[in-house]
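If you want the building blocks of each chain, they are given just below.
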Amino acid sequence: MEKLLIKGGNNLKGKISCSGAKNAALPIIAASILSDEKIVLKNLPYLQDITTMFELLGSMGAEISLDENMNFTINTSDLKEIEARYELVKTMRASILVLGPLLAKYGEAKIALPGGCAIGSRPVNYHLDSLKKLGVNISLKNGYIEAKVNKLKGADIVFDGITVTGTENLMMAASMAEGVTTLQNVAKEPEIKDLAEFLNKMGAKIDGAGTDLIKITGVKKLQGAEFNIPADRIEAGTYLVAAVVTQGEILIENIDPSRLMQVIEKLKETGACIEYDKNSISVFMRESIPKPVDITTAPFPNFPTDMQAQFSVINAISSGIAKVNETVFENRFMHVLELNRMGCDISVKGNQAIIKGVNSLYGAEVMATDLRASASLIIAGLCAEGETIVDRIYHIDRGYERIEEKLNYLGAEITRLPS
Ligand code: EPU
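Computed from a predicted structure; not experimentally measured.

Asker: Account for the site of the ligand, naming residues and giving values.
Answerer: Neighbouring the ligand are 20 residues, the closest being Y126, T163, T165, D306 and V328. D306 places a side-chain nitrogen or oxygen 2.6 Å from an oxygen atom of the ligand. Separating an oxygen atom of the ligand from a side-chain N or O atom of R332 is a distance of 3.4 Å. Those elements giving two or more residues to the shell around the ligand turn out to be helix 1 (22-31), helix 5 (125-133), helix 6 (164-175) and helix 12 (371-383). Element by element, the count of residues in the shell around the ligand is highest for helix 5, at three residues. Grouping the amino acids of the shell around the ligand by side-chain chemistry returns nine nonpolar, six polar and five charged. Each of domain 1 (3-18 + 232-417) and domain 2 (22-228) gives at least three residues to the shell around the ligand.

Asker: With reference to specific residues and values, describe the sheet that holds strand 3 (residues 39-42).
Answerer: In spatial order, the strands read 4-5-3-14; together these four strands make up an open sheet with mixed pairing. Because the sheet does not close on itself, it has two edges, and the strands there are strand 4 (63-66) and strand 14 (225-228). Here the average twist between neighbouring strands, direction ignored, is 15°. Where strand 3 and strand 14 come together, four bridges link them in parallel fashion. By the bridge assignment for strand 14, L41 is matched with F227. Contacts from helix 7 (residues 190-201) reach strand 3 and strand 14 within the one sheet, and its direction differs from that of strand 14 by about 155°.

Asker: Kindly report on empty space enclosed by the protein, identifying the contributing residues and their values.
Answerer: Scanning the model with the defined rule gives three cavities of 30 Å³ or more in all. Taken together, A21, K22, N23, E191, D232, R233, I234 and R372 make up the full set of residues lining the largest cavity. Elements represented by at least two residues in the lining of the largest cavity include exactly helix 1 and helix 8 (233-245). Classifying every residue of the lining of the largest cavity gives two nonpolar, one polar and five charged. Residue-level mapping places the lining of the largest cavity at the junction of two domains, with at least three residues from each of domain 1 (3-18 + 232-417) and domain 2 (22-228). Reported here for the second largest cavity is a volume of approximately 40 Å³. Lining of the second largest cavity is provided by T238, Y239, A242, I378, I379, L382, I403 and L407. Elements with a contribution of two residues or more to the lining of the second largest cavity: helix 8, helix 12 and helix 14 (403-409). Across the lining of the second largest cavity, the residue classes break down as seven nonpolar, one polar and no charged.

Asker: I'd like a rundown of helix 7, residues and numbers included.
Answerer: Across its twelve residues, helix 7 extends 17 Å between first and last C-alpha, which sits within 8% of the 16 Å expected from 1.5 Å per residue. Within helix 7, burial applies to P190, E191, I192, D194, L195, A196, F198 and L199.

Asker: Break down the sheet that holds strand 12 (residues 205-207) for me, citing the residues and quoting the values.
Answerer: Within the open sheet, the four strands sit side by side as 10-11-13-12. Their pairing is mixed. The open sheet has two edge strands, strand 10 (156-158) and strand 12, and neither has a second partner. The mean angle between the axes of side-by-side strands here comes to 15°, regardless of whether they run parallel or antiparallel. In this sheet, strand 13 (residues 213-217) lies alongside strand 11 (residues 180-184) in antiparallel orientation, the contact comprising five bridges. Residue T181 lies in a different strand from strand 13, and its bridge partner there is I216.

Reading the values: rules and limits
Residues numbered from 1 in each chain as written. Predicted model: local features only at pLDDT ≥ 70, side-chain atom pairs only at ≥ 80, totals over all residues. Heavy atoms only, no water. Near = heavy atom within 4 Å. Polar contact = N/O pair within 3.5 Å; in protein donor to acceptor, adjacent residues only side chain to side chain. Helix = DSSP H or I, 4+ residues; strand = E, 2+ residues; numbered from the N terminus. Nonpolar A, V, L, I, M, F, W, Y, C, P; charged D, E, K, R; others polar. Domains from an automatic or database assignment. Pairing = 2+ DSSP bridges. Axes fitted to C-alpha atoms, helices over the stretch in contact; angles between N-to-C directions. Contact = heavy atoms within 4.5 Å. 1 Å grid on protein atoms, 1.4 Å probe; cavity = no way out; pocket = protein on both sides within 12 Å on 5 of 7 lines; lining within 4 Å. Points joined across faces, edges and corners; volume = space filled by probe spheres on them. Expected span 1.5 Å × (residues − 1). Buried < 20%, exposed > 50% of the residue type's maximum accessible area, 1.4 Å probe, protein only.

Written out as structure tokens, the structure reads:
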């Protein structure tokens, strides 16, 4: 397994560009199943999760090609399979996103039931219960979800709990249902709006994405479309945190700051000076020691759970004590034990972490457990004394495009060690 070797202590300085958002791209690729015409996607990030989604579509019979400008063309007009096999689903839970489109287009889908994962049990009951309201018959057999429907019928649905991919699955399914569907208690993440924009470009009729009520008037057919994947707010947030802990000064281009206002506000509380315009964000860490910041994660527009682990490092080297409440996932503190091995003072009780600031961190050999946990270990390595080796970095390659290249460009010293 490849590892990253990080020599700590360099201040990050300079300018980088944000890549396309993984969590916008995954549902949009799945949505290509809805049309018989060509879908052209630009600014797709080069990530393992994107490759896995293409592998899944490819295994069903989709044709995927890449042109000289790195634009992907997807043609799903000749799908032969309506099945997402366990081999792929187990490596990427977002495979569940093909369920809605397959039901809308073929009235049938067989998807391996995602199991537990490092950050929590992550069931899909909200997806399934809501699809049942559109008339879908669902049974669970031999570890698979078997779903069938003659014709999806619009309905008024109130989700039992807020779910990002669940909201996306229902938006895709309802786009081609008979009549009108309303969705309430929905996720309002920017990626929901991105998907709605893409579906509307395909000819869907979706109003209200990003608000508390989404209204979808079903259409018979969806056409081809071209779409530019928006920038990754979590990637941008991660680099901003890296700059703060290294007393750096960086500019991130190609990112709409309105997508991460909660993160920006919390970074300001640490003492960082942040400026932004429509398409870029800069950070300058003027304090030698960050101030602690309390955090409670919750669905958008609140503080994102996907930034919780990275902020632990700011708090770990802060001038005081911070409380971090994780309310989205039940087990998203796996990074804590590894961070403590680097000198952090973090204790966890239930869904709360208490982080006491220490004077300095030291390098150690640590192990990544999930995508955002690995980002926090790399960030800790950047501000630690000596060398840090992060093992199991396949987690980071799922969601950060060329991370060591981008950080080295800003002045870090990171080497990828072969397996
Ligand atoms: N939940 C249920 N039942 C369901 C669905 C969700 O109980 O049917 C629970 C989950 O167990 C969790 C909470 O509801 O406790 C929220 O889960 P959600 O469904 O919103 O998460 P998701 O759609 O599986 C997406 C992102 C995650 C991100 C979460 C929360 C994608 C592909 N993934 O996951 O991204 O953390 O929303 O914002 O969009 C990441 O990028 O590192 C990542 C994990």
